[in-house]
Amino acid sequence: AVTPAMLASARDRARALGRTADFREASAEALPFPDATFDTVVCTVPLCSIPADRAAIAEMYRVLRPGGRLILLDHIASDRRWVLAIQRRLEPLTLRLDGDYLTRRPLPLVEAAGFVITYSQRSKAGIIERLTAVKPLSGGMAR
């Protein structure tokens, strides 16, 4: 969770760099921005802990301009059976302690939302995925 101290630190850092920035705390499932506001959305390791991951991805799609880019990094269900077995055994504990899903797979959800995947790479025994995707220039959201 974002704390007031974290927001203050970010504001101070932006000021020190001479940057103008608008810092807000908001739900990923209901972003407080108009449609087609941003050129790029960067999402690093949150989807594993957002209860409604599909809704968060839909919001990312909504706030991106046509042709806008999504950059996503998250930990995911491994493509290695032995690692996935361990993740499945640990997930009830991580959910209870941190609300952290270990076996989610955002890439199909990103595609289902209407994005076009332009890059995808797994690392760290298949549990880390980096992907970039683009909101098409025309056409509506798939779901």
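Residues numbered from 1 in each chain as written. Predicted model: local features only at pLDDT ≥ 70, side-chain atom pairs only at ≥ 80, totals over all residues. Heavy atoms only, no water.

S.K.: Kindly report on the overall build of the chain, identifying the contributing residues and their values.
M.R.: When you go through the chain residue by residue, the secondary structure sums to four helices and four strands. Ordered by position from the N terminus, the helices and strands of the chain form the series α-β-α-β-α-α-β-β. Classification of the 143 residues of the chain by burial places 34% in the buried group. For the chain, contacts bridging at least 24 residues in sequence account for 66% of all contacts bridging at least 6. With the model as given, the accessible surface of the chain reaches about 8,800 Å², and the carbon-plus-sulfur share is 57%. (Helix = DSSP H or I, 4+ residues; strand = E, 2+ residues; numbered from the N terminus. Buried < 20%, exposed > 50% of the residue type's maximum accessible area, 1.4 Å probe, protein only. Contact = heavy atoms within 4.5 Å. Areas by Shrake-Rupley, 256 points an atom, 1.4 Å probe, with all protein chains shown as cover.)

S.K.: Explain the state of the cysteines residue by residue, including any values.
M.R.: Between two cysteines, a covalent bond joining their sulfur atoms is known as a disulfide. Summed over all chains, the structure comprises zero disulfides. With no disulfide partner, Cys43 has as its closest neighbouring cysteine sulfur the one in Cys48, 9.0 Å distant. Exposure remark for Cys43: the relative accessible area of 6% places this residue in the buried category. (Disulfide = S-S within 2.5 Å.)

S.K.: Tell me about the side chain of Gln87, and name the residues and values.
M.R.: Among the structural elements, Gln87 can be located in helix α3 (residues 81-98). Under the relative-accessibility criterion, Gln87 is labelled buried at 8%. Among the polar contacts listed, one links the side chain of Gln87 to the backbone nitrogen of Ser78, at a separation of 2.8 Å. For Gln87, the residues in contact, after removing those within four places along its chain, are Ile76, Ala77, Ser78, Leu102, Thr103 and Ile127. (Polar contact = N/O pair within 3.5 Å; in protein donor to acceptor, adjacent residues only side chain to side chain.)

S.K.: Lay out a nonpolar patch on the surface in plain terms, naming residues and giving numbers.
M.R.: Taken together, Trp82, Ile86, Leu90, Leu93 and Leu97 make up a surface patch of nonpolar side chains, about 530 Å² in accessible area. Tracing the backbone shows Leu97 in helix α3. (Patch = residues over 30% accessible without salt bridge, like charges linked within 9 Å, V, L, I, M, F, W, Y side chains within 5 Å. Salt bridge = Lys/Arg side-chain N within 4 Å of Asp/Glu carboxyl O.)

S.K.: Quick one: what's the story with the nonpolar core, residue by residue and with numbers?
M.R.: In terms of nonpolar packing, the biggest core is built from 19 residues, with Leu47, Ile57, Met60, Leu70, Leu72, Val110 and Phe115 touching the most fellow members. Elements represented by at least two residues in this core include exactly β1 (38-44), α2 (53-63), β2 (64-75), α4 (106-112) and β4 (128-134). Ranked by residue count, the leading element in this core is α2, at five residues. (Core = buried A, V, L, I, M, F, W, Y, C linked by side-chain atoms within 4.5 Å.)

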